[in-house]
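# Structure assessment
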Amino acid sequence: MTAIAWIYVVGLMALTEPSVVAGLMTFLLYCVLPLSILFYLTGSRRRKRKSLQQAKTDDKTKTADT
């Protein structure tokens, strides 16, 4: 929810820029870049949990096959 609000605020900031290039740069540097870093950092725990679950599943499969 906070990310959606941030996208809205930065989108309005970008619309008030004097040129299209400045608006795009504002949107990229204030919105896309920070949110991509945030989503990457907050998703690291989920990726780690998923890889551990996958490893457990692979171990169970290997044990059942032998």
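Before reading on, note that the structure itself is shown above.
Because the structure is a prediction, the values reported are computed rather than measured.

On to the overall build of the protein, then. Of regular secondary structure, the protein possesses two helices and zero strands. In terms of overall size, the protein is more extended than a compact globule, its C-alpha atoms giving a radius of gyration of 20 Å where 66 residues would be expected to give roughly 11 Å. Across its three principal axes, the protein shows a C-alpha extent of roughly 70 × 20 × 15 Å. Across the 66 residues that make up the protein, the buried fraction comes to 14%. The centroid of the 9 positive side-chain charges in the protein is displaced by 8 Å from the centroid of its 4 negative side-chain charges.

Turning to helix α1 (residues 2-15), a few remarks are in order. For an α-helix the count is 3.6 residues per turn, leaving residues at separations of three or four pointing the same way. Along its 14 residues, α1 runs 20 Å from first to last C-alpha, staying within 8% of the 20 Å computed at 1.5 Å per residue. Taken as a whole, α1 has its buried residues at Ala-3, Val-10, Gly-11 and Ala-14. Along the axis of α1, the buried positions cluster into a sector of 110 degrees, meaning they face one direction only. The exposed set on the far side of α1, more than 90 degrees from its buried face, consists of Thr-2, Tyr-8 and Leu-15.

Moving on, we come to the side chain of Thr-26. Structurally, the position occupied by Thr-26 is in helix α2 (residues 20-65). On the accessibility criterion, Thr-26 (9% relative accessible area) is buried. The residues contacting Thr-26, other than those within four sequence positions of it, are Val-10, Met-13, Ala-14, Glu-17 and Cys-31.

Looking now at the environment of Met-25. Structurally, Met-25 is set in helix α2. Of the residues examined, Met-25 reaches a relative accessible area of 41% and is grouped as partly exposed. C-alpha separation for the pair Met-25 and Ala-14, spaced 11 residues apart in sequence, amounts to 8.1 Å.

A surface patch of like charges, here positive, comprises Arg-45, Arg-46, Arg-47 and Arg-49. Here Arg-45 is to be found in helix α2. The exposure class of Arg-45 is exposed, given its relative accessible area of 64%.

Cut-off values and rules
- Residues numbered from 1 in each chain as written.
- Predicted model: local features only at pLDDT ≥ 70, side-chain atom pairs only at ≥ 80, totals over all residues.
- Heavy atoms only, no water.
- Helix = DSSP H or I, 4+ residues; strand = E, 2+ residues; numbered from the N terminus.
- Rg over C-alpha atoms; globule rule 2.2 N^0.38 Å.
- Buried < 20%, exposed > 50% of the residue type's maximum accessible area, 1.4 Å probe, protein only.
- Lys, Arg positive; Asp, Glu negative; His and termini not counted.
- Charge placed at Lys NZ, Arg CZ, Asp CG, Glu CD.
- Expected span 1.5 Å × (residues − 1).
- Arc of directions from axis to C-beta.
- Contact = heavy atoms within 4.5 Å.
- Patch = residues over 30% accessible without salt bridge, like charges linked within 9 Å, V, L, I, M, F, W, Y side chains within 5 Å.
- Areas by Shrake-Rupley, 256 points an atom, 1.4 Å probe, with all protein chains shown as cover.
- Salt bridge = Lys/Arg side-chain N within 4 Å of Asp/Glu carboxyl O.

Don't take any of this as a statement about function, it's just geometry.
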